[in-house]
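A structural walkthrough
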Amino acid sequence: MFGKREAFGNAGPKTVAPPSSRPPERPSAPATPAPRAATPPPPVEAPLQRRKSEEYYDTKSSIFSALIETIDLSQLSKLDLETAREEIRDIVNEIIAINNVVMSISEQEELLDDICNDVLGYGPLEPLLARDDIADIMVNGADATFIEVGGKMIKTNVRFRDNLQLMNICQRIVSQVGRRVDEASPICDARLPDGSRVNVIAPLLAIDGPSLTIRKFKKDKLTLPQLVRFGTITPEGATILEIIGRCRCNVIVSGGTGSGKTTLLNCLTAYIEPTERIITCEDAAELQLQQPHVVRLETRPPNLEGEGQITMRDLVKNCLRMRPERIIVGEVRGPEAFDLLQAMNTGHDGSMGTLHANSPREAIGRIESMISMGGFTLPAKTVREMIVASVDVIVQAARLRDGSRRITHITEVVGLEGDVVITQDLFVYDIVGEDADGKLIGRHRSTGIGRPKFWDRARYYGDDQRLAAALDAAEMPATS
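Residues numbered from 1 in each chain as written. Predicted model: local features only at pLDDT ≥ 70, side-chain atom pairs only at ≥ 80, totals over all residues. Heavy atoms only, no water.

Here we come to the packing of aromatic side chains. Geometrically, a pair of aromatic rings is defined through the distance of the ring centres and the angle of the planes. Considering all chains together, one arrives at two aromatic pairs under this definition. Relative to Phe-376, the ring of Phe-338 has its centre 4.2 Å away and its plane inclined at 25°; by these criteria the two rings are stacked. With Phe-338 in helix α13 (residues 336-344) and Phe-376 in the loop between α14 (360-373) and α15 (380-390), the pair connects residues that are 38 residues apart, well separated along the chain. Take Phe-338: its relative accessible area is 13%, and that puts it in the buried class. You can call Phe-376 partly exposed: its relative accessible area is 22%. Plain terms: the ring middles of Tyr-460 and Tyr-461 are 5.2 Å apart, the flat faces sit at 85° to each other, and that makes the pair edge-to-face. A relative accessible area of 31% places Tyr-461 in the partly exposed class. (Phe/Tyr/Trp six-rings, centres within 6.5 Å; stacked < 30°, edge-to-face > 60°. Helix = DSSP H or I, 4+ residues; strand = E, 2+ residues; numbered from the N terminus. Buried < 20%, exposed > 50% of the residue type's maximum accessible area, 1.4 Å probe, protein only.)

Right, dumping it as structure tokens:
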């Protein structure tokens, strides 16, 4: 089928050396096991412990070259995944036999899997993408790949054949969503089929080779009850968030990088009524809404001629013509903040968005800054009046220094006194100590506010008694 040739390139007889015979000139080898040993879950790290030898990679490279000369890629693309894998495995086995490549059965199986992943998937990334405990994958050139597990950075033994292979995989990822990354367009945001967020920055901007960052999504979408089990929030705090989502409060989810803003936004949207029409606007579609009536919109970068760009602001403005009941912006990072506030204040109650800020007070300042970035010549007091009239609740998420993620504030925007926006905390997280393993000890508590500003809205939806009970149950004295 693939037009096999008589000879398979120059993949001569080679023996894959065991890990112990690795050439001694690799200076990075002693440094890798140290962080690995300190990682809490050693069992999940087992597949990455074994470092492949240089000779393994040489053998793989020569067999891969012979395979590419042998197969017909156009015919291969017409086959389903399993059939294509079987065809590739048959040809690779034949190449190994013809060239008398000496290796154990386990090494041969590993080689077959690696080559199948190179041809059909994302190459060396496939084993990492298959693991559900990894939150982030960070590739810094062909020889350095890091992952985040349990909030901690770990260097892996995963490597690419060269920077060209890494760049080809990056182009394969971004081309699936109609985007490109090359010298003319060296920065690109994209997504994997499961919604995982991808960022690529290519040489010459990335000096040491292409840089690929993947924010991985769990296969099972997290819910508020699961966040309670993880300690991110207490049951009482989860009840308050559920009521906020149900009773159509306008919400801003604020937090730093990797603090869990998108996950929290997904959790809040779970309490939107299935009869509501929701429109989402994102740079790379990653929200996973389960309601039946959802319209997902995504920005578009300019083409080679520098034309055709569709910005987040264009999407948010167009949302207003699509008869939305709720507008959800994946991340507010520019002038679209003005249009989102307009939408919140003109009958689209229950709209939500995320932004980068370290506290609820900073989030308000960030919104002001983003509006000014759009060239709006509005007085500062007018902008603050818009914020007060539009935003009901700011939920602050944080990633603590021990790697854990916590919801640290549920804060109401109350009003304006003079030129100052007044907020009040309903629910906060206090750090009270640290255990022997370096894990932070903290507690969530209500601040004693008995009737939040959105009390009447909660009563309208029949949730006022649940809200009062949750606030009372979580009340405790503040730590000194």
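This is not the end of the story, as more comes after the structure.
Attention now goes to the sheet that holds strand β5 (residues 197-201). A sheet is described by the order of its strands in space; here six strands give the open sequence β3-β2-β1-β6-β5-β4, paired in antiparallel fashion. This sheet does not close on itself; its edge strands, each paired only once, are β3 (152-155) and β4 (187-191). Within the sheet, the average angular offset between the axes of one strand and its neighbour, ignoring direction, is 15°. The pairing of β5 with strand β6 (residues 211-215) spans five bridges and is classified as antiparallel. The residue bridging Arg-197 from the neighbouring strand is Arg-215, located in β6. (Pairing = 2+ DSSP bridges. Axes fitted to C-alpha atoms, helices over the stretch in contact; angles between N-to-C directions.)

If you walk through the whole model with that rule in mind, you get 26 salt bridges. Measuring nitrogen to oxygen at the nearest pair gives 3.4 Å for the salt bridge that ties Asp-113 to Arg-89. Placement of the pair is Asp-113 in helix α6 (residues 105-120) and Arg-89 in helix α5 (residues 81-98), with a sequence separation of 24 residues. The exposure class assigned to Asp-113 is partly exposed, which follows from its relative accessible area of 35%. One connected set of salt bridges, linked through shared partners, spans Glu-242, Arg-246, Glu-273, Asp-463 and Arg-466. (Salt bridge = Lys/Arg side-chain N within 4 Å of Asp/Glu carboxyl O.)

Here the focus is the packing of helix α3 (residues 54-70) against α6. Across the interface, α3 lies against α6 with an axial gap of 11 Å and an inter-helix angle of 50°. Comparing the axis directions of α3 and α6 gives the class oblique. Regarding α3 and α6, the two cross each other, and that crossing is right-handed. The residues of α6 that touch α3, namely those facing Tyr-56, Lys-60, Ile-63, Phe-64 and Leu-67, are Glu-107, Glu-110, Leu-111, Asp-114, Ile-115, Asp-118 and Val-119. Looking at side-chain class alone, the contact of α3 with α6 contains seven nonpolar, no polar and five charged residues. (Parallel < 35°, antiparallel > 145°, perpendicular 65-115°, else oblique. Left-handed = near helix turned anticlockwise from the far one by under 90°. Contact = heavy atoms within 4.5 Å. Nonpolar A, V, L, I, M, F, W, Y, C, P; charged D, E, K, R; others polar.)

This part is about helix α12 (residues 312-319). Three or more residues of α12 are buried, namely Met-312, Leu-315, Val-316 and Cys-319. With its buried residues spanning 95° around the axis, α12 presents them on a single face. Elements that come into contact with the buried residues of α12 comprise β8 (278-282), β9 (294-298), β10 (326-329) and α13. (Arc of directions from axis to C-beta.)

Time to look at the packing of α3 against α5. Two elements in contact, α3 and α5, have axes whose closest approach is 10 Å; the angle formed by their N-to-C orientations is 120°. Here α3 is positioned oblique relative to α5, judged by the angle of their axes. α3 and α5 meet at a crossing whose hand is right-handed. Two secondary-structure elements touch here, α3 through Ile-63, Ala-66, Leu-67 and Thr-70 and α5 through Ile-88, Ile-91, Val-92, Ile-95 and Ile-96. Tallied by class, the residues present in the contact of α3 with α5 amount to eight nonpolar, one polar and no charged.

The next point concerns the environment of Asp-220. Within the secondary structure, Asp-220 is located in the loop between β6 and α9 (224-230). Taking the relative accessible area as the measure of exposure, Asp-220 reaches 58% and is therefore exposed. Through-space distance from the C-alpha of Asp-220 to that of Asp-132 is 9.1 Å; in sequence the pair is 88 residues apart.

Its location among the elements puts Asp-339 in helix α13. The class for Asp-339 is buried, based on a relative accessible area of 7%. With 32 residues separating them in the primary sequence, Asp-339 and Ile-371 have C-alpha atoms 9.1 Å apart. Ignoring sequence-local partners within four residues, the contact set of Asp-339 consists of Arg-313, Val-316 and Lys-317.

In this section: the confidence of the model for the protein chain. Counting all residues, the mean pLDDT for the protein chain is 82, and 88% of those residues have values of 70 or more. The low-confidence segment residues 1-50, where pLDDT is below 50, has 89 contacts with residues more than four positions distant or belonging to other chains. (pLDDT = per-residue confidence, 0-100.)

Time to look at the nonpolar core. In terms of nonpolar packing, the biggest core is built from 38 residues, with Leu-241, Ile-244 and Phe-454 touching the most fellow members. Looking at this core element by element, the count peaks at five residues for helix α10 (residues 235-246). Ignoring anything within four residues of it in the chain, the contact list for Leu-241 reads Leu-224, Leu-264, Leu-268, Val-395, Ile-407 and Ile-410. Membership of the second largest hydrophobic core comes to 33 residues, among which are Leu-297, Ala-343, Val-388 and Val-391. (Core = buried A, V, L, I, M, F, W, Y, C linked by side-chain atoms within 4.5 Å.)

Burial along β4 is one-sided: the face carrying Cys-188 and Ala-190 is buried and the face carrying Ile-187, Asp-189 and Arg-191 is not. Examined bridge by bridge, β4 and β5 share five bridges and lie antiparallel to one another. In the strand pairing of β5, Ala-190 is matched with Val-198. What sits between β4 and β5 in their antiparallel hairpin is a turn of five residues, with Gly-195 showing a positive phi close to 95°.

The next point concerns the environment of Asp-132. Structurally, Asp-132 can be placed in the loop between α7 (126-130) and β1 (134-140). By relative accessible area, Asp-132 is classed as partly exposed at 29%. When the C-alpha positions of Asp-132 and Lys-219 are compared, they lie 6.8 Å apart, and in sequence the two are 87 residues distant. Not counting residues within four places of it along the chain, the set of residues in contact with Asp-132 comprises Lys-216, Phe-217, Lys-218 and Lys-219.

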